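Descriptive structure summary
Here is how the chains run, residue by residue.
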Amino acid sequence: TLDLAALVARVVPRKKGRWRIHPATRVFQSLRLAVNEELEQIVPALDAAMERLRVGGRIVAISFHSLEDRLVKRRFRLWAADCVCPTHQPICNCGKTPVAQILTRKPLRPSAVETQGNPRARSARLRAAEKIKEWPHAV
């Protein structure tokens, strides 16, 4: 890993001054996402958690990458939606009702103090939702 990090550091040109983060950070993040199939596992994991959650329970997701955060945001929005019919359809006939209420309209980000004490927290985004009714098996 040190050899790969050194190679990336030699190949990636520095912008003015120093790097804000090491240039190999994104390479290792991409490798981890691909090897662990993390993006493919997020939605099934969220659905499994929501299915097991009691009404009134809360689900909280912390993401460290914009692609992860987008998947979490879209899933929470789907759970909170009262209609999933196509927008061009004049009358709703899907019969969907919300199963969750979004608690964080925008993701919570770490404060400057927290980031200073824990630099790895700099990209963290936290989203939360509360289950408001029993989970229908087909969402």
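See above for the structure.
So, a few notes on the structure that sits alongside this text. (Residues numbered from 1 in each chain as written. Predicted model: local features only at pLDDT ≥ 70, side-chain atom pairs only at ≥ 80, totals over all residues. Heavy atoms only, no water.)

Quick look at the pairing of strand 3 (residues 125-131) now. For a regular strand, side chains alternate in direction, first toward one face of the sheet and then toward the other. For strand 3, a buried count of six out of seven residues is recorded, marking the element as mostly surrounded by other parts of the structure. Here six bridges tie strand 1 (residues 58-63) to strand 3, and the two strands are oriented antiparallel to one another. Directly across from Val60, in strand 3, lies its bridge partner Ala128. Strand direction decides the pairing type here: strand 2 (residues 100-102) and strand 3, joined by three bridges, are antiparallel. If you follow Ile102 over to strand 3, its bridge partner there is Ala129. (Buried < 20%, exposed > 50% of the residue type's maximum accessible area, 1.4 Å probe, protein only. Helix = DSSP H or I, 4+ residues; strand = E, 2+ residues; numbered from the N terminus. Pairing = 2+ DSSP bridges.)

Further remarks concern the pattern of salt bridges. Under the definition given, this model contains six salt bridges. Residues Arg58 and Glu130 are paired through a salt bridge, measuring 3.2 Å at the closest nitrogen-oxygen approach. Of this pair, Arg58 sits in strand 1 while Glu130 is found in strand 3, placing the two residues 72 residues apart along the sequence. Glu130 gets classed as buried once you look at its relative accessible area, which sits at 19%. Between Lys131 and Glu134 there is a salt bridge whose closest N-O contact spans 3.8 Å. Its relative accessible area of 1% is what places Lys131 among the buried residues. Each of Arg32, Glu38 and Glu68 takes part in a single network of salt bridges with overlapping partners. (Salt bridge = Lys/Arg side-chain N within 4 Å of Asp/Glu carboxyl O.)

With that out of the way, let us pick up the side chain of Lys96. You can see Lys96 is positioned in the loop between helix 4 (66-80) and strand 2. A polar contact is formed between the side chain of Lys96 and the backbone oxygen of Leu78, at a distance of 2.8 Å. There is a polar contact of 2.6 Å between the side chain of Lys96 and the backbone oxygen of Ala81. Residues in contact with Lys96, not counting those within four places in the same chain, are Leu78, Trp79, Ala81, Asp82, Cys83 and Val84. (Polar contact = N/O pair within 3.5 Å; in protein donor to acceptor, adjacent residues only side chain to side chain. Contact = heavy atoms within 4.5 Å.)

Now for the nonpolar core. By size, the foremost hydrophobic cluster in this structure holds 13 residues, and its most contacted members are Leu46, Met50, Ile59, Val72, Phe76, Trp79 and Ala100. Contributing elements (two or more residues each) for this core: helix 3 (38-52), strand 1 and helix 4. Setting aside anything within four residues of it in sequence, one finds Val72 in contact with Ile42, Leu46, Ala61 and Arg127. (Core = buried A, V, L, I, M, F, W, Y, C linked by side-chain atoms within 4.5 Å.)

This brings us to the sheet that holds strand 3. Within the open sheet, the three strands sit side by side as 1-3-2. Their pairing is antiparallel. Two strands in the sheet have a free side with no partner beyond their single neighbour: strand 1 and strand 2. Pairs of neighbouring strands in the sheet enclose a mean axial angle of 25 degrees, with direction left out of account. Against the sheet, helix 3 makes contact with strand 1, strand 2 and strand 3, and its axis sits at roughly 160 degrees relative to strand 1, the strand it touches most. The sheet strands contacting helix 4 are strand 1, strand 2 and strand 3, and the helix crosses strand 3 at an angle near 20 degrees. (Axes fitted to C-alpha atoms, helices over the stretch in contact; angles between N-to-C directions.)

What follows concerns helix 2 (residues 24-35). Taking 1.5 Å per residue as the helical rise, helix 2 with its 12 residues ought to reach 16 Å, and the 16 Å between its terminal C-alpha atoms agrees with that figure. Where helix 2 is concerned, the buried positions are Ala24, Gln29 and Leu33. Packed against the buried residues of helix 2 are helix 1 (2-11), helix 3 and helix 4. Looking at the residues trailing helix 2, positive phi occurs at Glu37, about 50 degrees. (Expected span 1.5 Å × (residues − 1).)

Geometry only, nothing functional implied.
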